[in-house]
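# Descriptive structure summary
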Amino acid sequence: MVDTDLLYTQNYLVRAYEIDAQQRMTVPALSRLMQEAALQNVIQIGMSYWDLEPHHISWVLTRQQMEVKRLPDLNEPIRIHTYPAGFLRAFALRDFWVETQEGEPIAQSASTWLLMDTRTRRMANPPDFVLAFNERMPPREQCLPRISGQLKKLEAPDFQEDYTVHWHDLDFNQHLNNTLYIQWMLDPVPAAVLAERQLTFLDIEYRAEGQLADALQSEVQEIEAGVYCHRIFRPADGKVLANAYTRWQ
């Protein structure tokens, strides 16, 4: 896979609570599995939330691109690989690969993270003990392409859903769990699309935190056949929390 001792691999069985009406794993569930693997990886290498807590910093996902070849079925065994893939200025890169037990590719994802100062909720520069991991990361040519380019912005929504952030929607950073952004962004997509098509590409940009009791809106615009722009924003102050772009086949 890659030449690094920082690689983490997890075997997994698709559970009944992770599938949709077609008995396939949902994209939000696949994203949650990636986040779980990333968490276990940083725990393993000593860079987790709890390791960084004394330094008043924590990892925050800022952007993720996911390509999906197919979604696994109920009870299908799959394997996920993840590893830190380098730094880009103040941002940390992380890759994910999902495959069958036989090595058939299922999905891949590149992601970008930053360190947040947990006291000010602002971006923090990586300290030297974090940057030191760069020496153990795989060669650039073995990693997924870096995320580049700007997302297309939603202009006029075709579909909309309203949400309120509740206690069980929060993660240990005390903000809206990033996998729920994906779920809430996909919810307004027409049921016929969700039932008859498969999401093949997702690009999501996280811009702001959702807090407990926030009233949020998820909006979707179809910009061409099978291509959608998504946005979650807070009507109270007009703040955009996340943008996304999806393609379906």
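Parameters at a glance
- Residues numbered from 1 in each chain as written.
- Predicted model: local features only at pLDDT ≥ 70, side-chain atom pairs only at ≥ 80, totals over all residues.
- Heavy atoms only, no water.
- Helix = DSSP H or I, 4+ residues; strand = E, 2+ residues; numbered from the N terminus.
- Expected span 1.5 Å × (residues − 1).
- Buried < 20%, exposed > 50% of the residue type's maximum accessible area, 1.4 Å probe, protein only.
- Polar contact = N/O pair within 3.5 Å; in protein donor to acceptor, adjacent residues only side chain to side chain.
- 1 Å grid on protein atoms, 1.4 Å probe; cavity = no way out; pocket = protein on both sides within 12 Å on 5 of 7 lines; lining within 4 Å.
- Points joined across faces, edges and corners; volume = space filled by probe spheres on them.
- Nonpolar A, V, L, I, M, F, W, Y, C, P; charged D, E, K, R; others polar.
- Pairing = 2+ DSSP bridges.
- Phe/Tyr/Trp six-rings, centres within 6.5 Å; stacked < 30°, edge-to-face > 60°.
- Lys NZ or Arg CZ within 6 Å of the ring centre and 35° of its normal.

Another aspect to go through is helix α1 (residues 27-45). Here α1 is 19 residues long and its end C-alpha atoms lie 27 Å apart, about the 27 Å a rise of 1.5 Å per residue gives. In terms of burial, α1 is a largely internal element, 14 of the 19 residues being buried. Near the N-terminus of α1, the side chain that reaches the backbone nitrogen of A29, with its oxygen 3.1 Å away, is that of T26. Where α1 terminates, the next one or two residues include G46, which has phi positive at roughly 80 degrees.

Looking now at the layout of surface pockets. Approximately 300 Å³ is the volume attributed to the second largest pocket. Listed by contribution, the elements that provide at least two residues to the lining of the second largest pocket are α1 and α4 (178-186). In terms of residue class, the lining of the second largest pocket is made up of eight nonpolar, three polar and five charged.

Further remarks concern the pairing of strand β5 (residues 105-117). β5 sits mainly inside the fold: eleven of its 13 residues count as buried. Two elements, strand β2 (residues 57-68) and β5, share eleven bridges in a ladder whose sense is antiparallel. The partner of S58 across the bridge, within β5, is M116. Counting the residues between successive antiparallel strands, the hairpin from strand β4 (residues 91-100) to β5 contains four residues, one of them, G103, with a positive phi of roughly 95 degrees. Bridging between β5 and strand β6 (residues 123-124) involves two bridges; their strand directions are antiparallel. Of the residues in β6, the one forming a bridge with M116 is M123. Taking the residues that link successive antiparallel strands as the turn, the β5-β6 hairpin has five residues, and the phi of R121 there is positive, at about 65 degrees.

Now for unusual backbone geometry. Even without being a glycine, H56 presents a positive backbone phi close to 60 degrees. Among the secondary structure elements, H56 is positioned in the loop between α2 (49-52) and β2. The backbone of R89 shows a phi angle near 55 degrees, a positive value even though the residue is not glycine. Inspection of the secondary structure puts R89 in the loop between β3 (77-88) and β4.

Turning to the packing of aromatic side chains, a few remarks are in order. Within the structure shown, the criterion is met by six aromatic pairs. Relative to W50, the ring of Y49 has its centre 5.4 Å away and its plane inclined at 85 degrees; by these criteria the two rings are edge-to-face. Owing to a relative accessible area of 17%, Y49 belongs among the buried residues under this scheme. Members of the aromatic cluster, joined through ring pairs, are Y49, W50 and F172. Positioned over the ring face of F233 is R231, at 5.3 Å from the centre of the ring. When the ring centre of F201 is taken as origin, the NZ or CZ atom of R247, which lies over that ring, is 4.4 Å away.

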